[in-house]
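The residues making up each chain are set out below.
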2 protein chains.
Amino acid sequence: MRVLGIDPGLTRCGIAVVEGSIGRPLRLIAADAIRTTPDTDLPQRLLGIERGIEDWLDKYEPEAAAVERVFAQHNLSTVMGTAQASGLALVCAARRGLPVVTHTPSEAKAAITGNGRADKAQVGTMVARILGLDGPPKPADAADAVALAICNIWRGGAQSRVARAQQDFARKVELARRARGR
Amino acid sequence: MRVLGIDPGLTRCGIAVVEGSIGRPLRLIAADAIRTTPDTDLPQRLLGIERGIEDWLDKYEPEAAAVERVFAQHNLSTVMGTAQASGLALVCAARRGLPVVTHTPSEAKAAITGNGRADKAQVGTMVARILGLDGPPKPADAADAVALAICNIWRGGAQSRVARAQQDFARKVELARRARGR
């Protein structure tokens, strides 16, 4: 199973692809951050994020996607951009009929380190150990995206199967909608 | 000038098209709300919003778009969905190369009623009066979207010209990117 992980952000959107399944070694396919600069206007920045995600979907053809769930309580100055980037990530995956789920930061941390309050360094260390890397993926946003993908593979089955069933249903509704000539 | 106004929301996303220019009578082309139900999962809801906006862009071919600016301070329980819907609205417009600007709720209210703190009823009444309608467009989200489109036409020129210049620049960058074979 090949999973795309996305740690949404406007300035740096972490993105990663991990391959594997529960109980077998995982392999890091790619990890990076999509960047946009604050001197560009918001619509163009969001468009840049969308294009970046689309490029990754085209290139790595993941079978599922995991996106970090964003909370309004977090850093107020960046939360709106983060929410907008997360919405785009969800839509990009849903548009292709991929099952897409959200994980909270603590779910991802707990899956990787056993501790939902682990710090970034600990997550990075464990990500590197799990994937057999020399060091944590960089930048930190990329490592967080990797952790989300791993979390998704390990929490695996159940959640993705529900999401996939919902996708199948939505696809049938869409086909029916098109058949009606809309 | 034909302007698309969007009052972003996940359950009801107000959307409207108004035609006209500064100093001339304005005409309401259409106003409604795109709806999604809370029992659908988030990615599918966002996809529904995106498709709805795309349908309007296809059907009415506006030359510019105005989207309400969302603030993190607002209703915490709905702000994330609203932010995600607004991001989609910005991207849908930007993807087609339309100049797109955001207006705060007070900017729209002040443009329509002269008072940035006007209530919904007052905005609805003035929208109906400006457009020569028998009553305010319904639901209220549709009326808010109309107000945004009117605000955009009246604040008009300057802001849209800047946005258009940015779009032209972005398009050239994109063409250069494609020419490089990415």
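Structure first, text after, so check above.
The shown structure was predicted, so the numbers you read here are calculated from the model rather than taken from an experiment.

(A) Representation of the side chain of Asp141(B). Residues and elements named next belong to chain B. Tracing the chain through its elements places Asp141 in helix α5 (residues 140-155). For Asp141, a relative accessible area of 15% translates into the label buried. Each residue touching Asp141, except ones within four places of it in the same chain, is listed here: Asp7, Arg12 and Gly14.

(B) Quick peek at the environment of Val17(B). Residue and element names in this part refer to chain B. Considering the arrangement of structural elements, one finds Val17 in strand β2 (residues 12-19). By relative accessible area, which is 0% here, Val17 ends up buried. Each C-alpha atom, one on Val17 and one on Leu47, is 21 Å from the other, the two residues being 30 residues apart in sequence. When near neighbours in sequence (up to four residues on either side) are disregarded, Val17 contacts Arg2, Val3, Leu4, Arg27, Leu28, Ile29, Ala30, Trp56 and Tyr60.

(C) Main features of the interface of chain A and chain B. Counting residues at the interface gives 31 residues for chain A and 31 residues for chain B. At the boundary of chain A with chain B, total buried surface from both sides reaches about 2,600 Å², with 64% on carbon and sulfur atoms. Where chain A meets chain B, there are two salt bridges. The salt bridge involving Arg95(B) is made with Glu50(A); its shortest N-O contact spans 2.6 Å. Connecting chain A to chain B are four residue pairs in polar contact (both at pLDDT 80 or more). Put simply, the parts of the chain that give the side of chain A that touches chain B at least two residues each are α1 (42-60), α2 (76-95) and α6 (157-179) of chain A.

(D) Structural view of the relation of the copies chain A and chain B. Superposing chain A onto chain B takes a rotation of 180° combined with a translation of 0.0 Å along the rotation axis, leaving an RMSD of 0.0 Å. Here the copies are linked by what is in effect a two-fold axis. The C-alpha atom lying nearest the rotation axis in chain A is that of Gln84(A); the distance is 2.2 Å. Both copies share a contact surface, since 100% of the interface residues of chain A are interface residues in chain B too.

(E) Up close: the sheet that holds strand β1 (residues 2-7) of chain B. Residue and element names in this part refer to chain B. Strand order in the open sheet formed by five strands is β3-β2-β1-β4-β5, and the pairing between neighbours is mixed. Strands at the two margins of the open sheet, each flanked by one partner only, are β3 (27-35) and β5 (100-103). Adjacent strand axes in the sheet meet at a mean angle of 20° when their direction is disregarded. Bridging between β1 and β2 involves six bridges; their strand directions are antiparallel. Bridging from a neighbouring strand, Leu4 pairs with Val17 of β2.

(F) Structural detail: the environment of Leu133(A). Residues and elements named next belong to chain A. Within the fold, Leu133 resides in the loop between α4 (120-131) and α5 (140-155). On a C-alpha basis, the gap between Leu133 and Val18 in space is 13 Å, while along the polypeptide they are 115 residues apart. Ignoring any residue separated from it by four or fewer positions in sequence, one finds Leu133 in contact with Leu28 and Ala128.

(G) View of the nonpolar core. One finds Ile53(A) and Ile53(B) to be the most contacted residues of the largest nonpolar core, which totals 54 residues. In contact with Ile53(B), not counting residues within four places along its chain, are Ile6(B), Ile15(B), Ile34(B), Ala89(B) and Cys92(B). In this structure, Leu26(A), Ala64(A), Ala66(A) and Ile153(A) belong to the second largest nonpolar core, which totals 21 residues.

(H) Highlighting the pairing of β1(B). All names here are of chain B. Burial within β1 is extensive, with six of its six residues counted as buried. Neither face of β1 is open: one carries Arg2, Leu4 and Ile6, the other Val3, Gly5 and Asp7, and all of them are buried. The hairpin turn running from β1 into β2, its antiparallel successor, is four residues long. Bridge analysis of β1 against strand β4 (residues 64-68) gives four bridges, and the strand direction is parallel.

(I) Main features of the state of the cysteines. Under the counting rule described, the total for this entry stands at zero disulfides over all chains. Lacking any disulfide linkage, Cys151(A) is separated from the closest cysteine sulfur, that of Cys13(A), by 17 Å. A relative accessible area of 0% means that Cys151(A) is categorised as buried. Here Cys92(B) stays free of any disulfide, with the sulfur of Cys13(B) as its closest cysteine sulfur at 9.5 Å.

(J) Representation of the packing of aromatic side chains in the model. All names here are of chain A. Using the criterion set out here, one finds two aromatic pairs over all chains in the structure. Centre to centre, the rings of Trp56 and Tyr60 are 5.0 Å apart; their planes meet at 50°, and the pair counts as tilted. With a gap of four residues between them, Trp56 and Tyr60 both fall in helix α1, about one helical turn apart. By the burial criterion, Trp56 is buried, and Tyr60 matches it.

Conventions we followed
Residues numbered from 1 in each chain as written. Chains lettered and ligands numbered in written order. Predicted model: local features only at pLDDT ≥ 70, side-chain atom pairs only at ≥ 80, totals over all residues. Heavy atoms only, no water. Helix = DSSP H or I, 4+ residues; strand = E, 2+ residues; numbered from the N terminus. Buried < 20%, exposed > 50% of the residue type's maximum accessible area, 1.4 Å probe, protein only. Contact = heavy atoms within 4.5 Å. Buried area = accessible area lost by both parts, 1.4 Å probe. Salt bridge = Lys/Arg side-chain N within 4 Å of Asp/Glu carboxyl O. Polar contact = N/O pair within 3.5 Å; in protein donor to acceptor, adjacent residues only side chain to side chain. Least-squares fit on C-alpha atoms with pLDDT ≥ 70 in both. Pairing = 2+ DSSP bridges. Axes fitted to C-alpha atoms, helices over the stretch in contact; angles between N-to-C directions. Core = buried A, V, L, I, M, F, W, Y, C linked by side-chain atoms within 4.5 Å. Disulfide = S-S within 2.5 Å. Phe/Tyr/Trp six-rings, centres within 6.5 Å; stacked < 30°, edge-to-face > 60°.

As far as function goes, none of this settles anything; it's purely spatial.
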